[in-house]
Amino acid sequence: MSFPLVAPMFPAGREPLPPGMTEEDRAQLLEAKKYQGWMAMGMESCAAKTVIAGVGGLGIGAFFSLMSSSFAYEDPLLRQSTQAGMNNTQKAREIFKEMGRGMWKSGKGFGKVGALFAGIECVIEGYRAKNDMVNPIAAGFVAGGVLARNSGPKAALGGGLAFAAFSAAIDLFLRREPSDDD
């Protein structure tokens, strides 16, 4: 018996199947939904967001360093003085080692900043239970202060303000409404 304007209710595990699926497919569908729920819980955790931001920062920092290292060997006089007496294989090995060291150093820096910011923002968002512009600004202020803490209180305050302003600008750009001119 159905009642008008009342949503139908089904027992758990007996919901209607999507079109094209048979009753034999129900077990696979329920297992896929279970894994989907686990993945959603994992992606919403602060630890996962921090790790993803750190690994992404590491990759982006390494890529930026790789791109900028191509300009480091443009000075022929510098190249002659630092690579005197080496054959081509030794020169290439030295260049690749130096590029790897630069990529690791830059990647670590970007990864540290990304993980720090993402972790702080996630904790603030979880504490406030809101997703608005305050979270990235507060996280930027805290992260900037933490990154500049060894330079003294004035530098920590300035770093916090600068990082907060940068975070606000990026978040305003990412949260803007798309134009309706499409």
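Residues numbered from 1 in each chain as written. Predicted model: local features only at pLDDT ≥ 70, side-chain atom pairs only at ≥ 80, totals over all residues. Heavy atoms only, no water.

**Notes on the confidence of the model for the chain**
Argument step 1. Model confidence for the chain is summarised by a mean pLDDT of 87, while 91% of its residues fall at 70 or above.
Argument step 2. Put simply, helix H3 (residues 76–82) is where the chain has its lowest mean pLDDT, 66, and helix H5 (residues 134–147) is where it has its highest, 94. (pLDDT = per-residue confidence, 0-100. Helix = DSSP H or I, 4+ residues; strand = E, 2+ residues; numbered from the N terminus.)

**Some details on the nonpolar core**
Argument step 1. One finds Phe117, Ile120, Ile124, Ala139, Ala143 and Phe163 forming the largest nonpolar core, which totals 6 residues.
Argument step 2. Counting residues per element, this core draws most heavily on helix H4 (residues 88–128), which supplies 3 residues.
Argument step 3. When near neighbours in sequence (up to four residues on either side) are disregarded, Ala139 contacts Phe117, Ile120, Glu121 and Ile124. (Core = buried A, V, L, I, M, F, W, Y, C linked by side-chain atoms within 4.5 Å. Buried < 20%, exposed > 50% of the residue type's maximum accessible area, 1.4 Å probe, protein only. Contact = heavy atoms within 4.5 Å.)

**Considerations on unusual backbone geometry**
Argument step 1. With phi around 60°, Ala129 is a residue other than glycine that occupies positive phi space.
Argument step 2. Secondary-structure assignment places Ala129 in the loop between H4 and H5.
Argument step 3. A relative accessible area of 68% means that Ala129 is categorised as exposed.

**Side note on helix H6 (residues 153–175)**
Argument step 1. The end-to-end C-alpha separation of H6 is 32 Å, in line with the 33 Å expected for 23 residues at 1.5 Å each.
Argument step 2. Listing the buried residues of H6 in full gives Ala156, Gly160, Phe163, Ala164, Ser167, Ala168 and Asp171.
Argument step 3. Summarising the contacts, the buried residues of H6 are in contact with H4 and H5. (Expected span 1.5 Å × (residues − 1).)

**Remarks on the pattern of salt bridges**
Argument step 1. The full count for this structure, using the stated rule, is 4 salt bridges.
Argument step 2. Here Arg101 and Glu94 are joined by a salt bridge, their closest N and O atoms 3.7 Å apart.
Argument step 3. A residue is classified by how much of its surface remains accessible, and Glu94, at 31% relative accessible area, is partly exposed.
Argument step 4. With its nearest N and O atoms 2.4 Å apart, the salt bridge here joins Asp171 to Arg175. Here the residue Asp171 and the residue Arg175 both occupy positions in helix H6, the gap between them amounting to 4 residues, near one helical turn.
Argument step 5. Given a relative accessible area of 35%, Arg175 falls into the partly exposed group. (Salt bridge = Lys/Arg side-chain N within 4 Å of Asp/Glu carboxyl O.)

**Quick word on the packing of helix H2 (residues 46–69) against H4**
Argument step 1. Relative orientation of the contacting elements H2 and H4 amounts to 150°, with a least axis distance of 6 Å. One finds that H2 runs roughly antiparallel with respect to H4. By crossing handedness, the relation of H2 to H4 is classed as right-handed.
Argument step 2. For the contact of H2 with H4, the class distribution of residues is 15 nonpolar, 12 polar and 2 charged. (Axes fitted to C-alpha atoms, helices over the stretch in contact; angles between N-to-C directions. Parallel < 35°, antiparallel > 145°, perpendicular 65-115°, else oblique. Left-handed = near helix turned anticlockwise from the far one by under 90°. Nonpolar A, V, L, I, M, F, W, Y, C, P; charged D, E, K, R; others polar.)

**Focus on the state of the cysteines**
Argument step 1. Throughout the structure, instances matching the rule amount to 1 disulfide.
Argument step 2. Cys46 shares a disulfide with Cys122; S-S distance 2.1 Å. One quick way to see it: the torsion about the S-S bond of Cys46 and Cys122 is about -85°, and its sign makes the bridge left-handed. On the criterion of sequence distance, the pair formed by Cys46 in helix H2 and Cys122 in helix H4 is long-range, its members being 76 residues apart. (Disulfide = S-S within 2.5 Å.)

**Considerations on the side chain of Asp171**
Argument step 1. For Asp171, a relative accessible area of 13% corresponds to the buried category.
Argument step 2. What Asp171 contacts, discounting residues up to four positions off in sequence, is Met133 and Pro136.

**Notes on the packing of aromatic side chains**
Argument step 1. This model, assessed by the stated rule, comprises 4 aromatic pairs.
Argument step 2. Where Phe63 meets Phe64, the ring centres are 6.5 Å apart and the plane angle is 45°; that geometry is what we call tilted.
Argument step 3. Under the relative-accessibility criterion, Phe63 is labelled partly exposed at 46%.
Argument step 4. Residue Phe64 is classed as partly exposed on the basis of its relative accessible area of 45%.
Argument step 5. When the centroid spacing of 5.8 Å and the interplanar angle of 20° are considered together, the rings of Phe117 and Phe163 count as stacked. Here the residue Phe117 occupies a position in helix H4, and Phe163 occupies one in helix H6, the gap between them amounting to 46 residues. (Phe/Tyr/Trp six-rings, centres within 6.5 Å; stacked < 30°, edge-to-face > 60°.)

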